[in-house]
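Survey of secondary and tertiary structure
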Amino acid sequence: SKHSAVGCLQYLAQIDDLKELIVSKTYGDKTLNNIVKLLDGDHDRTKVRAAALVYQLCQLPEVCILMKDYLEVLISLLAPSPHKWAGCEDARAFGAGILRAFAHCDYSPDLIGMLPEGTVIRNVLVEIGVIPPLVELLKTGNQMGQTESISLLAVLCEEEGVPIELLRLGALPKVVELLSSGQDEARAHAAGVLFLIAVEPEYMEEVAKAGAIPPLVQLLSPPESAAAGGAKDKKKKKKKKKLWGMVT
């Protein structure tokens, strides 16, 4: 019953007004807490649905900042599941996405003002140990998980000590790999991570030795325009038509 209930809410939360209604006082103060509880030790399928729902609800700033109360649960969600069901990898990705949204609250004066004075969310996440499970997700997660992981690491890399921890954990080869073959969003954030590592003189050679220069240079090249691609397709079709006329 929980699985069906949270699954239905997940679909309804795609509508902005319904997002707000789900977490409104109409249904009491514990709705969000009850949803997050499903992330901790519930059935895997229910856990994935709950993670997707929280991920969607975190598009609301007033919900996103409340993740401060659930950081341990969210970080535990990043760990690989012993089960081989593909949905478990989606749950890991959603966990990283929720943490990424929470980290971005640093850039909102209104939201950061809701936390104790002087709080820097990036620093809080680093101190409670989010980097190792994020690197593990970067190495072993599915495409969405890797994208969410590198997106959050690009933010956390601004904190002192994070670049060297990434090197220590062996993240550099995977960052370069994403730069070469990832989706556009992942490539952009991978370049950002490499930038924040390379600004330290002692790490420059390591970035170069990892093979970062060719994909970085490639990233500067403009993508082939849709118009050019269309012109090529028309040219191919015309050539095929001509050849077909010769055959007949």
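As a reminder, the structure under discussion sits directly above these lines.
Quick summary incoming for the structure in this document. Model, not experiment: these values are computed from the prediction.

Moving on, we get to the overall build of the protein chain. When you go through the protein chain residue by residue, the secondary structure sums to 17 helices and zero strands. Among the 248 residues that make up the protein chain, the fraction classed as buried is 43%. When contacts within the protein chain are restricted to residue pairs at least 6 apart in sequence, those whose partners lie at least 24 apart make up 70%. About 14,000 Å² of surface is accessible on the protein chain, with carbon and sulfur atoms providing 57% of the total.

Along helix α1 (residues 2-12), the residues that are buried comprise V6, G7 and Q10. Seen from one end, α1 has its buried residues packed into an arc of 105°, which puts them on one side. Tucked inside the fold, the buried residues of α1 contact α4 (44-57).

It is worth spelling out the environment of R49 at this point. Turning to its location among the elements, R49 is positioned in helix α4. R49 sits in the partly exposed class, given a relative accessible area of 25%. The contacts of R49, once residues within four sequence positions are left out, are H3, V6, G7, Q10 and Y11.

We now examine the packing of α1 against α4. Two elements in contact, α1 and α4, have axes whose closest approach is 9 Å; the angle formed by their N-to-C orientations is 25°. It follows from the interaxial angle that α1 and α4 lie roughly parallel. Between α1 and α4 lies a crossing whose hand is left-handed. Counting all contacts with α1, which are made through K2, H3, V6, G7, L9, Q10 and Y11, the residues of α4 involved are R45, T46, R49, A50, A52, L53 and Q56.

Let's shift gears to the side chain of Q146. Looking at the element boundaries, Q146 is found in helix α11 (residues 143-156). You can call Q146 buried: its relative accessible area is 12%. Among residues more than four places away in sequence, those in contact with Q146 are L137, L138, K139, G141, K174 and L178.

Across all of its chains, the model carries ten salt bridges by this definition. With a shortest N-O distance of 3.8 Å, R122 and E158 are connected by a salt bridge. Of this pair, R122 sits in helix α9 (residues 121-127) while E158 sits in the loop between α11 and α12 (162-168), placing them 36 residues apart in sequence. By relative accessible area, R122 is classed as buried at 14%. The partly exposed category is assigned to E158, whose relative accessible area is 45%. E159 is the partner of R122 in a salt bridge, and the nearest nitrogen-oxygen pair spans 3.2 Å.

What follows is about the side chain of T46. Secondary-structure assignment places T46 in helix α4. The exposure class assigned to T46 is buried, which follows from its relative accessible area of 5%. Leave out the neighbours within four places in its chain, and T46 touches K2, H3, V6 and L38.

Our next topic: the packing of α11 against helix α14 (residues 184-198). Two elements in contact, α11 and α14, have axes separated by 8 Å at closest approach and are oriented at 35°. Considering how the two elements wind past one another, α11 and α14 form a crossing that is left-handed. Note on element contacts: α14 touches α11 through E185, A186, H189, A190, V193 and L196, opposite T147, I150, S151, L153 and A154. Its residues assigned to classes, the contact of α11 with α14 shows seven nonpolar, three polar and one charged.

This part is about the nonpolar core. Membership of the largest hydrophobic core comes to 74 residues, with the highest contact counts inside it found for M67 and L166. When neighbours within four sequence positions are excluded, L166 is seen to be in contact with I131, V135, L153, C157, A171, L172, V193 and I197.

Topologically, A186 is positioned in helix α14. For A186, a relative accessible area of 1% translates into the label buried. Along the primary structure A186 and S151 are separated by 35 residues, whereas in three dimensions their C-alpha atoms are 6.9 Å apart. Among residues more than four places away in sequence, those in contact with A186 are T147, I150 and L178.

The rules behind each value
Residues numbered from 1 in each chain as written. Predicted model: local features only at pLDDT ≥ 70, side-chain atom pairs only at ≥ 80, totals over all residues. Heavy atoms only, no water. Helix = DSSP H or I, 4+ residues; strand = E, 2+ residues; numbered from the N terminus. Buried < 20%, exposed > 50% of the residue type's maximum accessible area, 1.4 Å probe, protein only. Contact = heavy atoms within 4.5 Å. Areas by Shrake-Rupley, 256 points an atom, 1.4 Å probe, with all protein chains shown as cover. Arc of directions from axis to C-beta. Axes fitted to C-alpha atoms, helices over the stretch in contact; angles between N-to-C directions. Parallel < 35°, antiparallel > 145°, perpendicular 65-115°, else oblique. Left-handed = near helix turned anticlockwise from the far one by under 90°. Salt bridge = Lys/Arg side-chain N within 4 Å of Asp/Glu carboxyl O. Nonpolar A, V, L, I, M, F, W, Y, C, P; charged D, E, K, R; others polar. Core = buried A, V, L, I, M, F, W, Y, C linked by side-chain atoms within 4.5 Å.

Worth remembering: the numbers are spatial, not functional.
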